[in-house]
Amino acid sequence: MMMPLLILKSKIKNFYEKNYRIVRCILKMIFSFLAFYIITGELDYSDTFGQFWLLLMGAVVCGLTPDVVTACGILFFMCAEIAQVSVLLAVAILVIVIIYFLIFGRLAGRQSYLVFSIPLLSVLHLEYAVPAVAALFASPAMIPALIMGILLQFIIKGVSNYVAAAAGAADTGNVLVPLRYLFDYLLKNPLFIVTVLAFCLTFLCAYVIRKGKFKHGFQIAILVGTLILMTIELLSNIILELNMNLLLLTMRVIVSMVIAYVIQFFYITLDYHGTRKLQFEDDEYYYYVTAVPKFKVAVVDKTVTRIAPGEEGETFDLKEELEKALEEEKMEAKSD
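Nothing here was measured: the structure is a model prediction, and the numbers come from that model.

Q: Hey, could you run me through the pattern of salt bridges in this one?
A: A side chain with one charge can pair with a side chain of the opposite charge if their charged atoms come near. On inspection of all chains with the given rule, the structure shows three salt bridges. For Arg24, the salt bridge is made with Asp67, and the minimal N-O distance between the two is 2.9 Å. Within this pair, whereas Arg24 is found in helix α2 (residues 20-42), its partner Asp67 is found in helix α4 (residues 67-83), the two being separated by 43 residues in sequence. A single salt-bridge network, built from bridges that share partners, covers Arg24, Lys28 and Asp67.

Q: How should the environment of Ile38 be read in this particular structure?
A: Mapped onto the secondary structure, Ile38 falls in helix α2. Separated by 85 residues in the primary sequence, Ile38 and Val123 place their C-alpha atoms 7.5 Å from one another. Excluding anything up to four places from it in sequence, Ile38 contacts Leu120, Val123 and Leu124.

Q: Any chance you could explain empty space enclosed by the protein here in plain terms?
A: Where empty space is left in the structure can be found by rolling a water-sized probe over the atoms. Counted by the stated rule, this structure contains two cavities of 30 Å³ or more. Considered as a void within the structure, the largest cavity measures approximately 40 Å³ in volume. Around the largest cavity, the lining residues are Ile38, Ile39, Glu42, Pro119, Leu120, Val123 and Ile156. Those elements that provide at least two residues to the lining of the largest cavity are α2 and α6 (111-123). Among the residues forming the lining of the largest cavity, the class breakdown is six nonpolar, no polar and one charged. Its volume calculated, the second largest cavity comes out at about 30 Å³. Lining of the second largest cavity is provided by Tyr128, Pro131, Ala132, Thr202, Thr226, Leu229, Val253 and Ser256. Breaking the lining of the second largest cavity down by element, the ones donating at least two residues are α7 (129-137), α11 (217-239) and α12 (246-270). When its residues are assigned to classes, the lining of the second largest cavity shows five nonpolar, three polar and no charged.

Q: Which parts of the structure should I look at to understand helix α3 (residues 52-63)?
A: Turn by turn, an α-helix covers 3.6 residues, leaving residues three or four places apart pointing in a common direction. When the terminal C-alpha atoms of α3 are compared, their 16 Å separation across twelve residues agrees well with the 16 Å that a helix rising 1.5 Å per residue should span. Residues Leu54, Leu55, Gly58, Ala59, Cys62 and Gly63 constitute the buried set of α3. Looking straight down α3, one finds its buried side chains confined to an arc of 165 degrees; they lie on one side. Close packing links the buried residues of α3 with α2 and α4.

Q: Mind showing me how you'd approach the side chain of Ser256 here?
A: Relative to the elements of secondary structure, Ser256 occurs in helix α12. Look at Ser256 and you get buried, because its relative accessible area is 1%. If we ignore the near neighbours within four places in the chain, the residues touching Ser256 are Leu126, Tyr128 and Ala129.

Q: Teacher, can you tell me more about the side chain of Thr226 here?
A: Note on placement: Thr226 falls in helix α11. We classify Thr226 as buried; its relative accessible area is 9%. Polar contacts involving the side chain of Thr226 include one to the main-chain carbonyl oxygen of Ile222, which spans 2.7 Å. Among all residues touching Thr226, those that are not within four sequence positions of it are Ala132, Thr202, Val253 and Met257.

Q: Help me out: how do you make sense of the packing of aromatic side chains in this one?
A: Here a ring pair, both rings aromatic, is described through the centre-centre distance and the interplanar angle of the planes. Here the structure, examined in full by the defined rule, presents nine aromatic pairs. The interplanar angle of 75 degrees and the centroid separation of 5.1 Å between the aromatic rings of Tyr100 and Phe101 together place this pair among those described as edge-to-face. Look at Tyr100 and you get buried, because its relative accessible area is 6%. Residues Phe154 and Phe192 carry aromatic rings whose centres are separated by 5.3 Å and whose planes lie at 75 degrees to one another, so their mutual orientation is edge-to-face. Taken together, the residues Phe154 in helix α8 (residues 143-166) and Phe192 in helix α10 (residues 190-211) connect sequence positions 38 residues apart.

Q: Is there a simple way to explain a nonpolar patch on the surface in this structure?
A: On the surface, Val87, Val91, Leu94, Val95, Ile98, Ile99, Leu102 and Ile103 cluster together into a nonpolar patch covering about 720 Å² of accessible area. Along the chain, Val87 falls in helix α5 (residues 87-104). The class of Val87 is exposed, set by a relative accessible area of 56%.

Q: Sorry, what's going on with α4 here?
A: The end-to-end C-alpha separation of α4 is 25 Å, in line with the 24 Å expected for 17 residues at 1.5 Å each. The buried fraction of α4 is high, at twelve of 17 residues. Every buried residue of α4 is accounted for by Asp67, Thr70, Ala71, Gly73, Ile74, Leu75, Phe77, Met78, Cys79, Ala80, Glu81 and Ile82. Its buried side turned inward, α4 meets α2, α3, α5, α6 and α8.

Q: What am I meant to see in the nonpolar core here?
A: The nonpolar side chains of a soluble globular protein tend to be buried, and buried together. Of all hydrophobic cores here, the largest spans 72 residues; its most connected members are Phe116 and Leu152. With eleven residues, the top contributor of residues to this core is α8. Ignoring any residue separated from it by four or fewer positions in sequence, one finds Leu152 in contact with Met78, Ile93, Val97, Val115, Phe116 and Pro119.

Q: What should I look at first to understand the packing of α6 against α8 in this one?
A: Axes are the key here: two packed helices are described by the angle between their axes and the distance separating the axes. Running from N to C, α6 and α8 point in directions that differ by 35 degrees, and their axes come no closer than 8 Å. As for the relative orientation of α6 and α8, their crossing is right-handed in sense. Along its contact with α6, which presents Gln111, Leu114, Val115, Phe116, Ile118, Pro119 and Ser122, the element α8 presents Ala145, Leu146, Met148, Gly149, Ile150, Leu152, Gln153 and Ile156. When the residues that make up the contact of α6 with α8 are grouped by side-chain class, the tally is eleven nonpolar, four polar and no charged.

Scoring rules and cut-offs
Residues numbered from 1 in each chain as written. Predicted model: local features only at pLDDT ≥ 70, side-chain atom pairs only at ≥ 80, totals over all residues. Heavy atoms only, no water. Salt bridge = Lys/Arg side-chain N within 4 Å of Asp/Glu carboxyl O. Helix = DSSP H or I, 4+ residues; strand = E, 2+ residues; numbered from the N terminus. Contact = heavy atoms within 4.5 Å. 1 Å grid on protein atoms, 1.4 Å probe; cavity = no way out; pocket = protein on both sides within 12 Å on 5 of 7 lines; lining within 4 Å. Points joined across faces, edges and corners; volume = space filled by probe spheres on them. Nonpolar A, V, L, I, M, F, W, Y, C, P; charged D, E, K, R; others polar. Expected span 1.5 Å × (residues − 1). Buried < 20%, exposed > 50% of the residue type's maximum accessible area, 1.4 Å probe, protein only. Arc of directions from axis to C-beta. Polar contact = N/O pair within 3.5 Å; in protein donor to acceptor, adjacent residues only side chain to side chain. Phe/Tyr/Trp six-rings, centres within 6.5 Å; stacked < 30°, edge-to-face > 60°. Patch = residues over 30% accessible without salt bridge, like charges linked within 9 Å, V, L, I, M, F, W, Y side chains within 5 Å. Areas by Shrake-Rupley, 256 points an atom, 1.4 Å probe, with all protein chains shown as cover. Core = buried A, V, L, I, M, F, W, Y, C linked by side-chain atoms within 4.5 Å. Axes fitted to C-alpha atoms, helices over the stretch in contact; angles between N-to-C directions. Left-handed = near helix turned anticlockwise from the far one by under 90°.

So this is what it looks like as structure tokens:
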């Protein structure tokens, strides 16, 4: 069973290496289109922004441009849909996200994907895979992005609840009502605090295990992180009486864990941005090798020593020298 998967991973790796730019553009287009489709489907307050041609055109633009354009496109569709409910609410969300990226935007270049993956995957009930997977490839500097993603997830839920509550109520004309409702929804919702706590602890525990010198550390990190997340959710359900569907929660956690394992299995081979450490041994020695990507090493830091035949200096055959040393040790042992 494992051998076909390893062969498949090797084929995907080779194809990915040969067609890196094209594959990445296509993947960005697919991700952007799915993100726009999920947002306009969940926040279906305007017929204009949900049109197929507009979503497709936006996905093509995001696929051919830098990653920051994808984040801006997701934010645009989100705020455009919320503006149909309340312009002030959309502006407030836009300002919060902009302030966040101004403060934390330089800590990690790919954190925009983490910020928006939580609200997007929550619609598919797969958000529990995010903290464990993020801990495998990111540092604790990504925790603010994790919290911001959870905030956006509950903002979307709060807007949906407000629309449902305001459907049968009379319009007072007060533009501050949606903003107050969302503010109260976040403060008085214990599930919001529980989710932030569970995701952050899961991320930290999985990160510590992944950085430790454990055999199969990545797999253990996913398992332990997922168990911690599920434990916190279950204890919170009992203590705070959140009335969660335990069967649905268990199924979501298991599916998220399987997704995390699949991503870990395929992505580790395809990721060339991080430093890799390898340990192996023979009968007499342990060998430790650290592989660092070329773009992280300055040209002046490289020292290359070339030993070519014909150069002045002493040259010798390593194999012959080892054999001589062994013969000398044997002779000394016999003489003793």
